[in-house]
Amino acid sequence: MDTRRRALALLAVAGLALTGCDGVGATEVAAPTVTATAASTASPTIDEVAEAQSEADRLAAEAAASEAAASEAAASEAERVASEAAASEAASEEAASEAAATKAAEEAAAEDAAEQEAAEKEAAEEVERVAAEARAEREANEDLQERLAELGFYRGSIDGDIGSASQAAIRAFQAANGLSVDGVVGPRTSGALADDDAVTAAVAASRAQDQSDDGNDSGSDSAADSGDGNTGSTVTISSSRAEQRLRDLGYWGGSMTSALMAFQKVNGLSADGQLGPNTAAALADPRSPILVGGNSTRIEVDLDRQVVHLIEGGSRVRTMNASSGNGETFYVDGVGGVEALTPRGTFTIERRIAGLREGALGGMYNPMYFFHGWALHGSNSVPSYPASHGCVRLPRSDASWLFDRVPNGIQVKLHGGRNSFVPGGPDQPPIL
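Residues numbered from 1 in each chain as written. Predicted model: local features only at pLDDT ≥ 70, side-chain atom pairs only at ≥ 80, totals over all residues. Heavy atoms only, no water.

**Student:** Even after reading the chapter, I still don't get the overall build of the protein chain, so can you show me in this structure?
**Tutor:** Broken down by element type, the protein chain carries 10 helices and 14 strands. By residue count, 33% of the 432 residues in the protein chain fall in the buried class. Here the analysis covers contacts within the protein chain between residues at least 6 apart in sequence; of these, 56% occur between residues at least 24 apart. Put simply, the protein chain shows about 23,700 Å² of open surface, and 51% of that area lies on carbon and sulfur atoms. (Helix = DSSP H or I, 4+ residues; strand = E, 2+ residues; numbered from the N terminus. Buried < 20%, exposed > 50% of the residue type's maximum accessible area, 1.4 Å probe, protein only. Contact = heavy atoms within 4.5 Å. Areas by Shrake-Rupley, 256 points an atom, 1.4 Å probe, with all protein chains shown as cover.)

This is the structure in structure tokens:
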């Protein structure tokens, strides 16, 4: 821009020279006054003006060229910047598009995963529901078989499989109890099975014998099973009379065999569960159970005689057949060399689980825990001798009755020395 101004200035000087404008009017200059000094300030020549004009044109051209170059450079730079901005914007849009696509893919994957998880959960819940129903049905069938066995109608395995033997037992029970004989365990049959006064197979057989024996007095006692290990006595009693006697003496829990075993243990007889002449004689003149004492309301476990007594308000309510630790060595969960011992001393019921509890050592029905994992519980196997891993087994019918009758916190007193230990002593087995 300075070069252009210089060119314009030169043009202005040249113009003044060409028009004769020297600052003084021509008519006012007197010829005589012109001197040598005036001659020295004479106007530029045409060549000089032309030269100045040429220089001005050159400078103007340079200025125009410089301005054009600057403008072109600025335009190019602006175009470059705009292009870079456009490229950056395009890249940003592409990145945003890719991010959106990635997010959408992630959301779709998360939704698919959630749907898959929900489907798997639903399938697992359905499997568990079906398994639970199967377990419940099996347990109900086992309870049915156990009850039929207690009543003397079923002699098969307690396996929950209602086959022909179980069906025959159901029909025999229905016939003995005046029910419709259809082999279906409906409401009436279920109610009759749950009744403590349900007619047993022995009673039904005794009634049939009484009806068929026209030569006997209707009030006489008929001979029943005699296999109680001793035939020295000739006393006999009918099954129905024996059942009533066991009820009166506090031994009846729904099973003739279990009640007889408990009675035989208390009375020093062979505990075979059979109603023979010695047992019949003992029923006529029974011994009183030996109790060691404790709270007026308590559960007392006689480990020597393998029986359990329930005492309420100082009075014995029921004596039940039991089986405690057998003293043998067993292994569970990698722990070996554990002796099957039962704790002795005074405890309380700490907690309980209703129904079947499957453990590492087998199933326990309605367990009531009195010391860590040791419990009173129902079992399908309660022999006359110690046979457990340390718990106190009871017949399932007695265990259910006891479970419903006593609260947590009731005193449990275990005494005797058969395969037992004192908690905290050197002979205590590991707490599993």
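The rest of the description comes next.
**Student:** Explain the nonpolar core here, please?
**Tutor:** Proteins that are soluble and globular tend to have nonpolar side chains buried together. Residues I299, V301, V308, F370, L376 and L402 are the most contacted members of the largest nonpolar core, which totals 26 residues. Where this core is concerned, the elements lending two or more residues are β1 (298-302), β2 (307-312), β10 (362-371), β11 (374-379), β12 (392-395), α10 (396-405) and β13 (411-415). Considering every element that reaches this core, the biggest residue donor is α10, with 4 residues. In contact with V301, other than residues within four places in its own chain, are V307, V308, L376, V392, V412, K413, L414 and H415. If you look at the next biggest cluster of nonpolar residues, it comprises 17 residues, including I237, L275, A280 and A282. (Core = buried A, V, L, I, M, F, W, Y, C linked by side-chain atoms within 4.5 Å.)

**Student:** Looking at this structure, I do not really get the pattern of salt bridges. What am I missing?
**Tutor:** Any two side chains of opposite charge can pair, on the condition that their charged atoms come close. Evaluation of the coordinates by the stated rule reveals 15 salt bridges. A salt bridge links R129 to E133; its shortest N-O distance comes to 2.5 Å. Here R129 and its partner E133 are both found in helix α3 (residues 46-150), 4 residues apart, which amounts to about one turn of the helix. Take R129: its relative accessible area is 38%, and that puts it in the partly exposed class. One salt-bridge network, held together by shared partners, links E55, R58 and E62. (Salt bridge = Lys/Arg side-chain N within 4 Å of Asp/Glu carboxyl O.)

**Student:** Quick question: what am I supposed to make of helix α7 (residues 239-249) here?
**Tutor:** Count 3.6 residues to each turn of an α-helix, and residues three or four apart come out pointing the same way. When α7 is considered as a whole, its buried residues turn out to be S239, A242, E243, L246 and L249. Down the axis of α7, the sector holding all buried residues measures 130 degrees, keeping them to one side. Two residues or fewer after α7 comes G250, characterised by a positive phi angle close to 85 degrees. (Arc of directions from axis to C-beta.)

**Student:** Looking at this model, I keep getting lost on the packing of helix α8 (residues 256-266) against helix α9 (residues 277-284). Mind explaining?
**Tutor:** For any two helices packed against each other, one specifies the inter-axial angle together with the distance between the axes. Relative to each other, α8 and α9 sit at 75 degrees, their axes nearing to 11 Å. Taken together, α8 and α9 sit at an angle that is classed as roughly perpendicular. Along the contact surface, α8 presents L260, F263 and Q264, while α9 presents T279, A282 and L283. The residue inventory of the contact of α8 with α9, partitioned by class, reads 4 nonpolar, 2 polar and no charged. (Axes fitted to C-alpha atoms, helices over the stretch in contact; angles between N-to-C directions. Parallel < 35°, antiparallel > 145°, perpendicular 65-115°, else oblique. Nonpolar A, V, L, I, M, F, W, Y, C, P; charged D, E, K, R; others polar.)

**Student:** I would appreciate a short explanation of the confidence of the model for the protein chain in the present structure.
**Tutor:** Low pLDDT marks stretches whose predicted atomic positions should not be read closely. In the predicted model, the protein chain carries a mean pLDDT of 83, and 82% of its residues have values of at least 70. In this model residues 16-40 is a low-confidence stretch, pLDDT under 50, and it forms 5 contacts with partners more than four residues away in sequence or in other chains. Low pLDDT (under 50) marks residues 213-227, which in the prediction has 22 contacts with non-local residues, meaning those over four places away or in another chain. (pLDDT = per-residue confidence, 0-100.)

**Student:** Mind showing me how you'd approach α3 here?
**Tutor:** Under the 1.5 Å per step criterion, the end-to-end length of α3 is 151 Å for 105 residues, consistent within 8% with the ideal 156 Å. Positive phi shows up at G152, right after α3, with a value of about 90 degrees. (Expected span 1.5 Å × (residues − 1).)

**Student:** Explanation requested: the packing of aromatic side chains in the structure shown.
**Tutor:** For any pair of aromatic rings, geometry is given as the distance between the ring centres together with the angle between the planes. For the coordinates displayed, the defined rule picks out 7 aromatic pairs. The interplanar angle of 35 degrees and the centroid separation of 5.4 Å between the aromatic rings of F371 and W374 together place this pair among those described as tilted. Here F371 matches W374 in class, with each residue buried. Between W374 and F421, the aromatic rings sit 5.4 Å apart at their centres with planes inclined by 55 degrees, giving tilted as the arrangement. Taken together, the residues span a long stretch of sequence, with W374 in strand β11 and F421 in strand β14 (residues 420-421) at a distance of 47 residues. With a relative accessible area of 9%, W374 lands in the buried category. The exposure class of F421 is buried, given its relative accessible area of 0%. Ring pairing ties together the aromatic residues F347, F370, F371, W374 and F421, which thus form one cluster. Cation over ring: R351 sits above Y369, and NZ or CZ is 3.9 Å from the ring centre. (Phe/Tyr/Trp six-rings, centres within 6.5 Å; stacked < 30°, edge-to-face > 60°. Lys NZ or Arg CZ within 6 Å of the ring centre and 35° of its normal.)

**Student:** Where do I start with a negative patch on the surface in this structure?
**Tutor:** Negative charge collects at one region of the surface, where E106, E107, E111, D112 and E115 lie side by side. Structurally, E115 is set in helix α3. (Patch = residues over 30% accessible without salt bridge, like charges linked within 9 Å, V, L, I, M, F, W, Y side chains within 5 Å. Lys, Arg positive; Asp, Glu negative; His and termini not counted. Charge placed at Lys NZ, Arg CZ, Asp CG, Glu CD.)

**Student:** What am I meant to see in the environment of Q145 here?
**Tutor:** Mapped onto the secondary structure, Q145 falls in helix α3. Here Q145 falls in the buried class, since its relative accessible area comes to 1%. Each C-alpha atom, one on Q145 and one on I170, is 9.0 Å from the other, the two residues being 25 residues apart in sequence. Look past the residues within four positions of Q145 in its chain and what remains in contact with it is Y154, S157, I158, D159, G160, D161, I162 and S166. Looking at Q145, its side chain comes within polar contact range of the side chain of S166, at 3.1 Å. (Polar contact = N/O pair within 3.5 Å; in protein donor to acceptor, adjacent residues only side chain to side chain.)

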